[in-house]
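The lines below spell out each chain.
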Amino acid sequence: MNERLKRLENVRSRIEFACKNSGRDRSEVRLLAISKKHPPELIRAYFGLGQATFGENKAQEALRKLESLRDLAIEWHFVGPVQSNKTRDLAAHFDWVQSIDRVKVLNRLSAQRAEDAAPLNICLQVNIDREAQKSGLDPDMVAEMAERAAALPRLRLRGLMAIPRLTTDQVVARDSFRRLRELYEELRAAGYPLDTLSMGMSADLELAIEEGSTMVRIGTDLLGPRPA
Ligand SMILES: *Cc1c(COP(=O)(O)O)cnc(C)c1O
């Protein structure tokens, strides 16, 4: 079996096992391949193996790759910091933007998404551990941003995304995921029709799934080490 297929099957079986372990249906968890820094040829190869959802974190790098992969029916997610001067490109070329934490970006994406395109799917990024250097909304600001997002045309608010604090302590990691899920459940209870809790990466996808993730974002363990 080739190396890529091996990685893909390994990640898929980890997801399946974590779902089983937590009594969840496998269909509740989507696999997003984070292809940042990898060349388009690698993305094309994984698409050939059945992986059709990819995420990028730098607009300029992403746009070049999207262009050379235009012939493939890939669902593209943007997961990196959003600069205001890149919103037009993101609105034009991406299916999802998961990393929204500013009103200005929200407004621009809504205004710039084409009328004849499907609404842009969005997630609010939450700085769940309130780390000083990290992007994302303070958890206390999420409800207000959700209200703004839901009121805008051309956007479809799907849920929340977070990159929790880096730790090898499973208790600490689980607690971050749990708090994000609670925020998500509060919004759903308030009536927002959310279906996406984007959390879990290579090192912690099992924990994230046990705590309710509906989308894991996997780079290294799926596509291999990133080129320098
Ligand atoms: C790079 C990245 C990932 C994937 O990280 P791995 O540890 O390589 O799986 C997930 N989410 C975001 C937002 C990223 O930037």
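Everything below is about the structure shown above.
Residues numbered from 1 in each chain as written. Predicted model: local features only at pLDDT ≥ 70, side-chain atom pairs only at ≥ 80, totals over all residues. Heavy atoms only, no water.

## What about the site of the ligand?
Okay, so step 1: Taken together, Ile-34, Lys-36, Val-79, Ile-163, Met-201, Ser-202, Arg-217, Ile-218, Gly-219, Thr-220 and Arg-226 form the complete shell of residues around the ligand.
Okay, so step 2: Contact distances for the ligand include 2.7 Å between an oxygen atom and a side-chain N or O atom of Lys-36.
Okay, so step 3: Here the ligand has 390 Å² of accessible area as a free molecule, and 89% of this is covered by the chains.
Okay, so step 4: In terms of residue class, the shell around the ligand is made up of 5 nonpolar, 3 polar and 3 charged. (Near = heavy atom within 4 Å. Polar contact = N/O pair within 3.5 Å; in protein donor to acceptor, adjacent residues only side chain to side chain. Areas by Shrake-Rupley, 256 points an atom, 1.4 Å probe, with all protein chains shown as cover. Nonpolar A, V, L, I, M, F, W, Y, C, P; charged D, E, K, R; others polar.)

## Describing the packing of aromatic side chains
Okay, so step 1: Going through the model one piece at a time under the given rule, you end up with 2 aromatic pairs.
Okay, so step 2: For the pair Phe-54 and Trp-76, a centre-to-centre distance of 6.1 Å together with 45° between the ring planes defines the contact as tilted. With a gap of 22 residues between them, Phe-54 in strand E2 (residues 53-56) and Trp-76 in strand E3 (residues 75-78) connect regions that are remote in the sequence.
Okay, so step 3: Overall, the relative accessible area of 0% leaves Phe-54 in the buried class. (Phe/Tyr/Trp six-rings, centres within 6.5 Å; stacked < 30°, edge-to-face > 60°. Helix = DSSP H or I, 4+ residues; strand = E, 2+ residues; numbered from the N terminus. Buried < 20%, exposed > 50% of the residue type's maximum accessible area, 1.4 Å probe, protein only.)

## Overview of the pairing of strand E8 (residues 215-218)
Side-chain direction in a regular strand flips from residue to residue, so the side chains alternate between the two faces of the sheet.
Okay, so step 1: Here E8 shows two buried faces, one formed by Met-215 and Arg-217 and the other by Val-216 and Ile-218.
Okay, so step 2: Two strands pair when backbone bridges link them, and strand E1 (residues 30-34) and E8 are joined in this way by 4 bridges, in the parallel orientation. Opposite Arg-30, over in E8, you have Met-215 as the bridge partner. (Pairing = 2+ DSSP bridges.)

## Observations regarding a positive patch on the surface
Okay, so step 1: There is a patch of like positive charges on the surface, built from Arg-88, Arg-102, Lys-104 and Arg-108.
Okay, so step 2: Inspection of the secondary structure puts Arg-108 in helix H5 (residues 103-112). (Patch = residues over 30% accessible without salt bridge, like charges linked within 9 Å, V, L, I, M, F, W, Y side chains within 5 Å. Salt bridge = Lys/Arg side-chain N within 4 Å of Asp/Glu carboxyl O. Lys, Arg positive; Asp, Glu negative; His and termini not counted. Charge placed at Lys NZ, Arg CZ, Asp CG, Glu CD.)

## Regarding unusual backbone geometry
Okay, so step 1: A positive phi angle, near 75°, is found at Lys-37, a position not held by glycine.
Okay, so step 2: Relative to the elements of secondary structure, Lys-37 occurs in the loop between E1 and helix H2 (40-48).
Okay, so step 3: Owing to a relative accessible area of 47%, Lys-37 belongs among the partly exposed residues under this scheme.

## Some words on the pattern of salt bridges
Okay, so step 1: Within this structure, the stated rule accounts for 23 salt bridges.
Okay, so step 2: Two residues, Asp-71 and Arg-44, come together in a salt bridge whose shortest N-O distance is 3.0 Å. Residue Asp-71 is found in the loop between helix H3 (59-68) and E3, and its partner Arg-44 is found in helix H2; the two are separated by 27 residues along the sequence.
Okay, so step 3: The closest approach of N and O atoms between Glu-185 and Arg-188, which form a salt bridge, is 3.5 Å. Pair noted here: Glu-185 and Arg-188 are both in helix H7 (residues 170-189), with a separation of 3 residues, about one helical turn.
Okay, so step 4: On the basis of relative accessibility, which here comes to 38%, the residue Arg-188 falls in the partly exposed class.
Okay, so step 5: Salt bridges sharing partners connect three or more residues here, namely Asp-129, Arg-165, Asp-175, Arg-178, Arg-179 and Glu-182.

## A look at the pairing of E2
Okay, so step 1: Residue alternation in E2 divides its side chains into two sets, Thr-53 and Gly-55 and Phe-54 and Glu-56, and both sets are buried.
Okay, so step 2: Pairing geometry for E1 and E2, over 2 bridges, is parallel. Counted as the bridge partner of Ile-34 is Gly-55 from E2.
Okay, so step 3: With H2 bridging E1 and the parallel E2, this β-α-β connection has right-handed handedness. (Right-handed = clockwise from strand over helix to strand, strands pointing away.)

## Some details on the environment of Ser-176
Okay, so step 1: Structurally, the position occupied by Ser-176 is in helix H7.
Okay, so step 2: Ser-176 sits in the buried class, given a relative accessible area of 2%.
Okay, so step 3: A C-alpha to C-alpha distance of 6.5 Å links Ser-176 and Ile-128, two positions 48 residues apart in sequence.
Okay, so step 4: Reaching out from Ser-176, the side chain makes a polar contact with the side chain of Asp-129 at a distance of 2.9 Å.

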